[in-house]
Amino acid sequence: MLAELIASLILIALSILWIVEGIKLGLWIPGVSAGSGFVPAAFAALTLISSLFVIASALKKKRTSAASAADGEPDNAVSETGADRSRFEQYKTMIPVVFCIGGIFCLQLFGLVITIAAISFLWMYFVSRMPMKKVLIFTAAITLFIYLVFEAWLKIPFPGDIIRL
């Protein structure tokens with residue numbers, strides 16, 4: 001939990017820096033389109049919001065685990081056997097690599113929108129183990145945002161050999 005908080009605080013500081021730099025570069029050119037600072041500022045704002053959510057969920061998890069420890073309830077993470085945990089820990093560092101490689105192939109074949117939907121769904125459901133309702137809501141929101149900004153508004157041509165959205 002401490003590592004999540006430290007990483008989130010670092011990301012918050014970096015995202016604030018990028019938002020300031022994006023504003024300096026210019027967010028919008030009147031009558032033309034987005035300025036060169038728009039995309040960095042937009043992604044920095046998303047990173048800032050995501051980091052705040054990570055901090056809030058880590059603090060909530062700490063409060064619930066402290067409350068369950070005070071009640072004498074065992075922690076859920078302790079219920080795994082040592083062999084299962086060590087086997088999972090052995091491959092845990094490969095998860096981002098697999099997602100990155102899969103994302104590259106998926107981007108080339110299916111385009112940005114489908115890739116973003118697939119990666120965000122799979123990561124939130126299988127890696128973060130979020131409830132299905134939250135996964136579907138966040139996946140839809142992220143995918144809709146990416147589609148509206150990059151495909152509909154900025155009209156950036158992304159690859160997509162099989163399907164191109």
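In this report, we go over the structure that sits alongside the text. Predicted model, so just to flag it, every value in this text is computed and none were measured. (Residues numbered from 1 in each chain as written. Predicted model: local features only at pLDDT ≥ 70, side-chain atom pairs only at ≥ 80, totals over all residues. Heavy atoms only, no water.)

**Side note on the overall build of the protein**
Here is step 1 of the chain: Each helix and strand in the protein was counted, giving 6 helices and 2 strands.
Here is step 2 of the chain: The order of helices and strands in the protein, counted from the N terminus, is α-β-β-α-α-α-α-α.
Here is step 3 of the chain: A total of 165 residues make up the protein; the buried ones form 22% of that total.
Here is step 4 of the chain: Considering only intrachain contacts with a sequence separation of at least 6, the fraction spanning at least 24 residues in the protein is 58%.
Here is step 5 of the chain: In the form shown here, the protein has an accessible surface area of approximately 11,600 Å², with 73% of it arising from carbon and sulfur atoms. (Helix = DSSP H or I, 4+ residues; strand = E, 2+ residues; numbered from the N terminus. Buried < 20%, exposed > 50% of the residue type's maximum accessible area, 1.4 Å probe, protein only. Contact = heavy atoms within 4.5 Å. Areas by Shrake-Rupley, 256 points an atom, 1.4 Å probe, with all protein chains shown as cover.)

**Examining the side chain of Thr115**
Here is step 1 of the chain: Take Thr115: it is sitting in helix α5 (residues 112-127).
Here is step 2 of the chain: A polar contact of 3.1 Å, which involves the side chain of Thr115, links it to the backbone nitrogen of Leu107.
Here is step 3 of the chain: Apart from residues no more than four positions distant in its own chain, Thr115 is found in contact with Gly103, Cys106 and Leu107. (Polar contact = N/O pair within 3.5 Å; in protein donor to acceptor, adjacent residues only side chain to side chain.)

**What about the side chain of Thr139?**
Here is step 1 of the chain: Along the chain, the position of Thr139 falls in helix α6 (residues 132-153).
Here is step 2 of the chain: For Thr139, a relative accessible area of 9% translates into the label buried.

**Looking at α6**
Here is step 1 of the chain: Taking 1.5 Å of rise per residue, the 22 residues of α6 would be expected to cover 32 Å, and the 30 Å separating its terminal C-alpha atoms lies within 8% of that figure.
Here is step 2 of the chain: The principal kink in α6, of about 30°, is found at Tyr147.
Here is step 3 of the chain: Restricting attention to buried positions, one finds in α6 the residues Val135, Thr139, Thr143, Ile146, Val149, Phe150 and Glu151.
Here is step 4 of the chain: A positive backbone phi angle near 55° is found at Lys155, which sits one or two residues after α6. (Expected span 1.5 Å × (residues − 1). Bend = angle between axes of the 7 residues up to and from the residue.)

**Some remarks on a nonpolar patch on the surface**
Here is step 1 of the chain: Taken together, Leu2, Ile6, Ile10, Leu11, Leu14, Leu17 and Trp18 make up a surface patch of nonpolar side chains, about 690 Å² in accessible area.
Here is step 2 of the chain: What makes Ile6 partly exposed here is its relative accessible area of 44%. (Patch = residues over 30% accessible without salt bridge, like charges linked within 9 Å, V, L, I, M, F, W, Y side chains within 5 Å. Salt bridge = Lys/Arg side-chain N within 4 Å of Asp/Glu carboxyl O.)

**Side note on the packing of aromatic side chains**
Here is step 1 of the chain: Inspection of the entire model under this criterion finds 5 aromatic pairs.
Here is step 2 of the chain: Centroid distance Phe43 to Phe150: 5.8 Å. Interplanar angle 20°. Geometry classified as stacked. Of this pair, Phe43 sits in helix α2 (residues 38-71) while Phe150 sits in helix α6, and the two are 107 residues apart along the sequence.
Here is step 3 of the chain: Note on Phe43: relative accessible area 36%, which makes it partly exposed.
Here is step 4 of the chain: Three or more aromatic residues joined by ring pairs make a cluster, and in this case those are Phe121, Tyr125 and Phe126. (Phe/Tyr/Trp six-rings, centres within 6.5 Å; stacked < 30°, edge-to-face > 60°.)

**Overview of the packing of α5 against α6**
Helix packing for two helices is described by the angle between their axes and how far apart those axes are.
Here is step 1 of the chain: It is the contact of α5 with α6, at a shortest axis distance of 9 Å, that shows an interaxial angle of 155°. Judged on the interaxial angle alone, α6 and α5 are roughly antiparallel. Judged by the twist between their axes, the crossing of α5 over α6 is right-handed. Together, Leu112, Val113, Ile116, Ala117, Ser120, Phe121, Met124 and Tyr125 of α5 and Met132, Val135, Leu136, Phe138, Thr139, Ile142, Thr143, Ile146, Tyr147, Phe150 and Glu151 of α6 make up the contact between the two elements.
Here is step 2 of the chain: Of the residues assigned to the contact of α5 with α6, the class counts are 15 nonpolar, 3 polar and 1 charged. (Axes fitted to C-alpha atoms, helices over the stretch in contact; angles between N-to-C directions. Parallel < 35°, antiparallel > 145°, perpendicular 65-115°, else oblique. Left-handed = near helix turned anticlockwise from the far one by under 90°. Nonpolar A, V, L, I, M, F, W, Y, C, P; charged D, E, K, R; others polar.)

**Description of unusual backbone geometry**
Leaving glycine out, the prevailing phi sign among residues is negative, and the prevailing peptide bond configuration is trans.
Here is step 1 of the chain: Even without glycine at this site, Arg129 takes up a positive phi of about 55°.
Here is step 2 of the chain: Residue placement: Arg129 occurs in the loop between α5 and α6.
Here is step 3 of the chain: Looking at Arg129, the relative accessible area reads 60%, which means it is exposed.

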